[in-house]
Structures are given as structure tokens and as C-alpha cells.
Amino acid sequence: RLVVGLLLGRLLCEPGYLEARKAEAGLASLCRELAPEAPRLAEAGLGPILLEEDLWLALSNLLASQDTSVSGFALFVVVHVARPSPSLLLRTPHVHDTLLSMLEPAVDPFVRSLAAKALLGAYRAEEDKSPIDPAQAVAVCGALSASTEKLLGRQASEHAEAKAGLAEARRRHGEVNNTANYLGCAI
């Protein structure tokens, strides 16, 4: 499925590709399917293959695609499967700038969060070698903050739903208890 996603991404980079809508829908579907399997993908051993010079160049070109479905899928593959070293991530032409562009507030929150995590990891590993532009650090922090806020909001919603479900269960338990008491008195 991962290779199918990369092939779809490559096809979407071709000008005039007639099945672009279907390919974009396929990439979105693959992302949803593969996201829960991210830890297992990392263990599959595909990372070193994707980091070979030619394949890394192709993957980094997909990452820099103007098509957001392609760049988002490529970012997923970079972060969860290829897992390049921080120095490779920062020294590959256009990758650093692409990741920075993915921190913009208008970018999909999932993509924005992955880009921020990738940059933060690279900056941490390289902090002694080159100073980080404060504006870039602020952008990374902002993206991580937005991602955290979204996660907390989702968890608060789930908590509220669980609380409502618990209240309903307690109400029904009370009704059943009252009915049992009534039946006990009637017998």
C-alpha cells in the first residue's frame, strides 16, 4: 500500500494526469489506513531502502510537490518510514524550506504537526552545529501548539461524550432499580 501511495504521488506530479481526482482520493484513503500502522511501518525495514540516494531524491521531490495530497503523503512516509537523519533532512536541497512552508496555519493540521515534529527533531540534533532562526523556532512551536490544542479539544469532546453516556447509564440504572423495588413490593 505504501508503494501504491508513492506511485500515485508520482502520477499526480505529471502535468495533465487525467485521473488526478481519483488519485488524490486514493492518497487520502491510504493516509487514513496507514496512520494507525505508523509504528509497524517503521519496523518493516523500508527506511534504509528509501534513503538510498536516488529514492531519497525522488521522495524529497514528492515532499516538495505543490499538490498537498502528494506532499502530505510524502511527509508521512519521510517521518514514519524513511526516518532520515537530522543532517540529511536539513542538508537536502528544498526539504528544509518545504517543511517550513508546511507550518503555515492554512496547512492541514495533521501535515502541519508532522512537519513541526520533523523540524523539531532535526533542530534538536543539530543545535550545536548551526543556530536556529528564531522565526523558524516560533513557527515550529506554533504548529506544535496548534496540534496539541486540537488533540486536547478532541479529547475534551470524547470526555464530554463519555460523561453524557455515564449520566444516561446512571439514569437507566435508577429506573431499573425503581422497577425492581416496585416489583419486590408487589410480590
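Everything in this summary refers to the structure shown in the same document. Along each chain, residues carry numbers from 1 onward, in the same order as the chain's sequence is written. A pLDDT threshold of at least 70 governs which residues receive local features in this predicted model, and a stricter bar of 80 or more applies before side-chain atom pairs are shown or counted, although totals over entire chains, interfaces and linings include all residues. Working from all heavy atoms in the structure, the side-chain values ignore hydrogens and water.

Another aspect to go through is helix α2 (residues 20-34). Helical periodicity: at 3.6 residues per turn, an α-helix aligns residues three or four positions apart in one direction. The numbering of helices and of strands both runs from the N terminus, where a helix is a DSSP run of H or I of at least 4 residues and a strand a run of E of at least 2. The span one expects for a helix is its residue count, reduced by one, times 1.5 Å. The first and last C-alpha atoms of α2 sit 21 Å apart over 15 residues, in line with the 21 Å expected at 1.5 Å per residue. For α2, the set of buried residues is A23, L27, L30, C31 and L34. Seen from one end, α2 has its buried residues packed into an arc of 100°, which puts them on one side. Residues of α2 that are exposed and point more than 90 degrees away from the buried face comprise R21, K22 and R32. Two residues qualify as a contact provided that any one of their heavy atoms is within 4.5 Å of a heavy atom in the partner residue. Contacts from the buried residues of α2 go to α1 (2-12), α3 (38-43) and α6 (68-82). Here's how the labels work: a residue is buried when its accessible area is under 20% of the maximum for its type, exposed when over 50%, partly exposed in between, all with a 1.4 Å probe on protein chains only. By arc we mean the arc of the directions from the helix axis to the C-beta atoms, nothing more.

Another point: the environment of V95. Following the sequence through the fold, V95 ends up in helix α8 (residues 95-101). On a C-alpha basis, the gap between V95 and A64 in space is 6.9 Å, while along the polypeptide they are 31 residues apart. When residues no more than four places from it in sequence are discounted, the contact partners of V95 are W56, S60, L63 and L89.

Let us look at the nonpolar core. The set of buried Ala, Val, Leu, Ile, Met, Phe, Trp, Tyr and Cys residues whose side-chain atoms join them within 4.5 Å is what this entry labels a nonpolar core. L59, F73, L75, V77, L89 and L99 are the most contacted members of the largest nonpolar core, which totals 40 residues. If you list the elements that add at least two residues to this core, you get α1, α2, α3, α5 (53-63), α6, α7 (86-91), α8 and α9 (109-126). A per-element tally of this core places α6 first, with 9 residues. Ignoring any residue separated from it by four or fewer positions in sequence, one finds F73 in contact with L2, G5, L6, L27, L30, C31 and L34.

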